[in-house]
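# Analysis of the macromolecular model
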Amino acid sequence: MFNNIYRGRRVLITGHTGFKGSWLTLWLQQLGANVTGVALAPEAEPNHWALLNLEHQSHFIDIRDENALRQVVVQANPEIVFHLAAQPLVRRSYAQPVETFATNIMGTANLLNICRSLNDLAAIVVVTTDKCYENKEWVWGYREIDPLGGHDPYSASKAGTEIVAASFRRSFFNTPGGTLLATARAGNVIGGGDWSDDRLIPDLVRAIAGQQALEIRSPKSTRPWQHVLECLSGYLMLGQTLVERDGSAADAWNFGPDREGNRTVEALLTALARDWPNVKWRLSEDVHPHEAQLLQLDSSKSRQLLKWQPVWTFEEGVNVTAEWYRSWLEDRTVASETQLNAYQALAKQRELAWA
């Protein structure tokens, strides 16, 4: 897997207690990496990171606190950094815009500034989002060369994160033989273990647990849905390529689904209901803050140059997501490692580049 590049390496993950970060921590430990995590303590109860009960160095630090962050990062002395720590919710960004900008932009600047002092650091992957693009509501997928922007504070802050990362790359990480820095933009991620507020599937699971119908805001909004393991395989491929000293990979990369993954909210719920009869929803009559209606990614660059491609179809990703939550709700089984093993086995069977 990934040319054994992670075995025995010191890897720092910011945001390791979050949805993506906890899955990435699980995968990296399985790959033999020595993981150090930096994040805020999990807000949700239950939360995926705690359910996994992984053994690794874990520090609860706010990335806006540069001095505290510096102590941990310098001590960990990572060879690879995956930066996922962020305020990740659109609706929360309307309520807390300054905190969102401070965490997502200045938190990233703090981390990258600290990374300048690390002698053994080979690669940095900064994770942003598909929402970093200036959304024109067009039918084409956004490419890495399209303009950045953002209507809501979350999207704008992630565009700012991209600009900060590009500036640090050009100013400080472009020396021969030095650290290589890339950014990664994924689609709307689904999968077991997400308990965040104001996200479609976690809200749905809470509604099911309470024997209620989910209230949805925008049933016709289209998003590029993908299972969490799909984008993580892209991040890990990108990290591998940087460690192997391919300077052309020090750039921005999209990791989104095939076109069949671009579905409406209603279509996603309908697919979930096929695997889970308890799924029910109704349209909200309340007025809600602005959110993009149409959003798609063009991931041709990562497919052609990194040879990355998804493993599961849209339906398969929906199926394993429903299975994860049903297992948890019915008998408190955490299916993450089983699903990760199945994902890797299928990637090997299909002879994908990283498997």
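A brief report on the enclosed structure follows. (Residues numbered from 1 in each chain as written. Predicted model: local features only at pLDDT ≥ 70, side-chain atom pairs only at ≥ 80, totals over all residues. Heavy atoms only, no water.)

## So, the packing of aromatic side chains
- Applying the stated rule across the entire model yields 16 aromatic pairs.
- Taken together, a centroid distance of 6.1 Å and an interplanar angle of 75 degrees make the contact between Tyr 235 and Phe 255 edge-to-face. Linking Tyr 235 in helix 8 (residues 228-243) with Phe 255 in strand 10 (residues 252-255), this pair joins segments that are 20 residues apart in sequence.
- On the basis of relative accessible area, Tyr 235 is assigned to the buried category, the value being 0%.
- Among the residues examined, Phe 255 registers a relative accessible area of 0% and is labelled buried.
- Seen from their ring centres, Trp 312 and Tyr 343 are 4.9 Å apart, and the 75 degrees between their planes marks the pair as edge-to-face. In this pair, Trp 312 sits in the loop between helix 10 (300-305) and helix 11 (314-331) while Tyr 343 sits in helix 12 (residues 336-349), placing the two residues 31 residues apart along the sequence. The two residues Trp 312 and Tyr 343 agree in class, both being buried.
- Aromatic rings pair up to connect Phe 2, Tyr 6, Trp 27, Phe 82, Trp 312, Tyr 343 and Trp 354 into one cluster.
- Lying over the aromatic face of Phe 172, Arg 116 brings its terminal NZ or CZ to 3.8 Å of the ring centre.
- When the ring centre of Trp 328 is taken as origin, the NZ or CZ atom of Arg 332, which lies over that ring, is 4.5 Å away. (Phe/Tyr/Trp six-rings, centres within 6.5 Å; stacked < 30°, edge-to-face > 60°. Helix = DSSP H or I, 4+ residues; strand = E, 2+ residues; numbered from the N terminus. Buried < 20%, exposed > 50% of the residue type's maximum accessible area, 1.4 Å probe, protein only. Lys NZ or Arg CZ within 6 Å of the ring centre and 35° of its normal.)

## Section: the sheet that holds strand 5 (residues 123-127)
- Taking strand neighbours across the sheet as the criterion, the 7 strands line up as 3-2-1-4-5-6-10 in an open arrangement whose pairing is parallel. This sheet does not close on itself; its edge strands, each paired only once, are strand 3 (57-60) and strand 10. Strand-to-strand twist of the sheet, defined as the mean angle between neighbouring strand axes without regard to direction, takes the value 20 degrees.
- Of the pairings in the sheet, the one linking strand 2 (residues 34-39) to strand 3 comprises 4 bridges and is parallel in character. (Pairing = 2+ DSSP bridges. Axes fitted to C-alpha atoms, helices over the stretch in contact; angles between N-to-C directions.)

## Quick notes on empty space enclosed by the protein
- This model, assessed by the stated rule, comprises 1 cavity of 30 Å³ or more.
- Considering only enclosed or pocket space, the largest cavity measures out at about 120 Å³ in volume.
- Along the walls of the largest cavity sit 15 residues, with Trp 225, Gln 226, Trp 312, Thr 313 and Phe 314 positioned nearest its centre.
- Mapped onto the lining of the largest cavity, the elements with two or more residues apiece are strand 9 (222-227) and helix 11.
- In terms of residue class, the lining of the largest cavity is built from 7 nonpolar, 5 polar and 3 charged. (1 Å grid on protein atoms, 1.4 Å probe; cavity = no way out; pocket = protein on both sides within 12 Å on 5 of 7 lines; lining within 4 Å. Points joined across faces, edges and corners; volume = space filled by probe spheres on them. Nonpolar A, V, L, I, M, F, W, Y, C, P; charged D, E, K, R; others polar.)

## Brief notes about unusual backbone geometry
- The residue Phe 2 is not glycine, and still its phi comes out positive at about 50 degrees.
- The topology assignment puts Phe 2 in the segment before strand 1 (10-14).
- A relative accessible area of 0% places Phe 2 in the buried class.
- In the Ramachandran plot, Asn 53 falls in the positive-phi region, its phi being about 55 degrees despite a non-glycine side chain.
- Relative to the elements of secondary structure, Asn 53 occurs in the loop between helix 2 (48-52) and strand 3.
- Under the relative-accessibility criterion, Asn 53 is labelled exposed at 63%.

## Brief notes about the side chain of Asn 254
- Positionally, Asn 254 belongs in strand 10.
- By relative accessible area, Asn 254 is classed as buried at 0%.
- Polar contacts involving the side chain of Asn 254 include one to the side chain of Tyr 133, which spans 2.7 Å.
- A polar side-chain atom of Asn 254 sits 2.9 Å from the main-chain carbonyl oxygen of Tyr 142.
- In contact with Asn 254, not counting residues within four places along its chain, are Tyr 133, Tyr 142, Arg 143, Glu 144, Arg 185, Leu 297, Asp 298, Ser 299 and Ser 302. (Polar contact = N/O pair within 3.5 Å; in protein donor to acceptor, adjacent residues only side chain to side chain. Contact = heavy atoms within 4.5 Å.)

## Observations concerning helix 3 (residues 66-76)
- All of the buried residues along helix 3 are Leu 69, Val 72, Val 73 and Ala 76. The buried residues of helix 3 all sit within an arc of 95 degrees when viewed along its axis, so they share a single face. Facing away from the buried surface of helix 3 by more than 90 degrees, the exposed residues are Asn 67, Gln 71 and Gln 75.
- One or two residues past the end of helix 3 sits Asn 77, with phi positive at roughly 45 degrees. (Arc of directions from axis to C-beta.)

## Some points on the pairing of strand 9
- Counting buried positions along strand 9 yields 6 of 6 residues, so the element is predominantly enclosed.
- Taking every second residue as pointing to the same face, both faces of strand 9 are buried, with Thr 222, Pro 224 and Gln 226 on one and Arg 223, Trp 225 and His 227 on the other.

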